[in-house]
Amino acid sequence: LESSANSAYTSMQLNVEKRYAKGLYLLSNWTWAHGLDNVGGDGGANGPVPQDPRNRRADWSSSNSDIRHRINFASSYLLPFGNSLKGPARQVLHGWELGGLMVLQSGLPFTVTVPGSPSNTGSGSRANPVAGVSPEVSNQTITNWFNPAAFSVPPAFTWGTLGRNTLRGPGLWNLDLSAAKKFNFSETRRLEFRAEFFNSFNHPQFSLPGSTVGVGGVATITATQRANRQIQFALRYAF
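Let me begin by describing the structure that accompanies this report. (Residues numbered from 1 in each chain as written. Predicted model: local features only at pLDDT ≥ 70, side-chain atom pairs only at ≥ 80, totals over all residues. Heavy atoms only, no water.)

### Quick look at the side chain of R126
Reasoning step 1: Within the secondary structure, R126 is located in strand 9 (residues 125–126).
Reasoning step 2: On the basis of relative accessible area, R126 is assigned to the buried category, the value being 1%.
Reasoning step 3: For R126, the side chain forms a polar contact with the side chain of D59, separated by 3.1 Å.
Reasoning step 4: At a separation of 2.8 Å, a polar atom in the side chain of R126 contacts the main-chain carbonyl oxygen of L162. (Helix = DSSP H or I, 4+ residues; strand = E, 2+ residues; numbered from the N terminus. Buried < 20%, exposed > 50% of the residue type's maximum accessible area, 1.4 Å probe, protein only. Polar contact = N/O pair within 3.5 Å; in protein donor to acceptor, adjacent residues only side chain to side chain.)

### Quick notes on a nonpolar patch on the surface
Reasoning step 1: On the surface, a cluster of nonpolar side chains totalling about 400 Å² of accessible area is made up of F185, Y237 and F239.
Reasoning step 2: Within the secondary structure, F185 is located in the loop between strand 13 (172–184) and strand 14 (190–198).
Reasoning step 3: Residue classification places F185 among the partly exposed positions, given a relative accessible area of 44%. (Patch = residues over 30% accessible without salt bridge, like charges linked within 9 Å, V, L, I, M, F, W, Y side chains within 5 Å. Areas by Shrake-Rupley, 256 points an atom, 1.4 Å probe, with all protein chains shown as cover. Salt bridge = Lys/Arg side-chain N within 4 Å of Asp/Glu carboxyl O.)

### Description of unusual backbone geometry
Reasoning step 1: For N202, which is not a glycine, the phi torsion comes out positive at approximately 55°.
Reasoning step 2: Residue placement: N202 occurs in the loop between strand 14 and strand 15 (230–238).
Reasoning step 3: Given a relative accessible area of 34%, N202 falls into the partly exposed group.
Reasoning step 4: In this structure, A219 is a non-glycine residue whose phi angle is positive, near 70°.
Reasoning step 5: Mapped onto the secondary structure, A219 falls in the loop between strand 14 and strand 15.
Reasoning step 6: According to the relative accessible area criterion, A219 is buried, its value standing at 2%.

### Description of the side chain of T111
Reasoning step 1: Mapped onto the elements, T111 comes out in the loop between strand 7 (109–110) and strand 8 (113–114).
Reasoning step 2: Within the structure, T111 has its side chain in polar contact with the backbone nitrogen of N165 (distance 2.7 Å).

### Looking at the layout of surface pockets
Reasoning step 1: Roughly 320 Å³ of internal volume is contained in the largest pocket.
Reasoning step 2: Forming the boundary of the largest pocket are 17 residues, of which G95, A180, K181, K182 and E192 lie nearest the centre.
Reasoning step 3: Broken down by secondary-structure element, the contributors of at least two residues to the lining of the largest pocket are helix 1 (87–93), strand 13, strand 14 and strand 15.
Reasoning step 4: Considering every element that reaches the lining of the largest pocket, the biggest residue donor is strand 13, with 4 residues.
Reasoning step 5: Of the residues belonging to the lining of the largest pocket, the class tally is 5 nonpolar, 5 polar and 7 charged. (1 Å grid on protein atoms, 1.4 Å probe; cavity = no way out; pocket = protein on both sides within 12 Å on 5 of 7 lines; lining within 4 Å. Points joined across faces, edges and corners; volume = space filled by probe spheres on them. Nonpolar A, V, L, I, M, F, W, Y, C, P; charged D, E, K, R; others polar.)

### As for the nonpolar core
Reasoning step 1: One finds F110, V112, F146, F151, L167 and V213 to be the most contacted residues of the largest nonpolar core, which totals 14 residues.
Reasoning step 2: The contact partners of F146, leaving out residues within four places of it in the chain, are F110, V112, P135, V137, F151, L167, P209, G210, S211, V218 and A219. (Core = buried A, V, L, I, M, F, W, Y, C linked by side-chain atoms within 4.5 Å. Contact = heavy atoms within 4.5 Å.)

### What about the packing of aromatic side chains?
Reasoning step 1: Enumeration according to the criterion identifies 6 aromatic pairs in this entry.
Reasoning step 2: Ring geometry for F146 against F151: centres 6.0 Å apart, planes inclined by 80°, an arrangement best described as edge-to-face.
Reasoning step 3: Aromatic pair F193 and F233: ring centres 6.3 Å apart, planes at 20°, arrangement stacked. Here the residue F193 occupies a position in strand 14, and F233 occupies one in strand 15, the gap between them amounting to 40 residues.
Reasoning step 4: Classification of F193 as partly exposed rests on a relative accessible area of 22%.
Reasoning step 5: Through pairs of rings, three or more aromatic residues link up here, namely W96, F193 and F233.
Reasoning step 6: The ring of Y20 carries the charged tip of K18 above its face, separated from the ring centre by 5.5 Å.
Reasoning step 7: Between the NZ or CZ atom of K181 and the centre of the ring of F183, over which it lies, the distance is 4.3 Å. (Phe/Tyr/Trp six-rings, centres within 6.5 Å; stacked < 30°, edge-to-face > 60°. Lys NZ or Arg CZ within 6 Å of the ring centre and 35° of its normal.)

Written as structure tokens, this is what we have:
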């Protein structure tokens with residue numbers, strides 16, 4: 001637990017590690033964390049901070065980078081092929097190692113804002129929640145991430161009453177794979193080959209949705225935050 005006048009952070013982590021006798025290694029960890037502050041606003045999806053410089057308490061909420069849950073799975077496996085082979089066949093088939101890294105994490109928070117400056121101060125404003133209308137939608141998609149009808153523009157010369165970072169964007173899951181092999185020519189000379197597949201299933205990692213009510217694209221996700229599948233090969237000669 002860490003805290004200061006403008007922020008607070010707490011976390012908990014659980015690790016599991018296991019090495020098996022036949023070349024299999026597994027590692028997993030889960031982290032729960034929660035960060036709070038009143039200084040993280042940068043406009044856009046996270047809203048104006050401070051909204052009202054005379055009421056900083058109204059900005060106290062989850063940090064822009066608040067990832068509540070994150071799970072990592074890592075593994076490597078030395079394939080048991082070619083142990084009994086000799087010569088070139090052993091060089092080609094023996095000693096291949098497969099690896100994998102999977103990441104699962106919950107979505108980042110964002111703030112619903114309104115266009116212009118209802119407060120007439122030149123500063124942006126958060127929206128007002130509409131009583132009795134839920135921001136959740138029954139069929140959440142990238143074109144319908146939340147219910148814009150649950151929010152309204154504040155009356156003239158007032159600040160929005162909605163809290164900062166009250167909604168969550170999409171979570172993330174990603175799987176990277178690798179295959180590696182060492183070709184030993186002598187005790188001091190070897191050739192190392194490695195193939196890596198980043199985002200191997202080419203799964204889109206979506207960004208936050210448009211969050212300004214009353215303008216086009218609200219509640220719609222139009223971008224991704226990570227690259228599509230990438231494949232790379234490497235050779236390294238050691239002597």
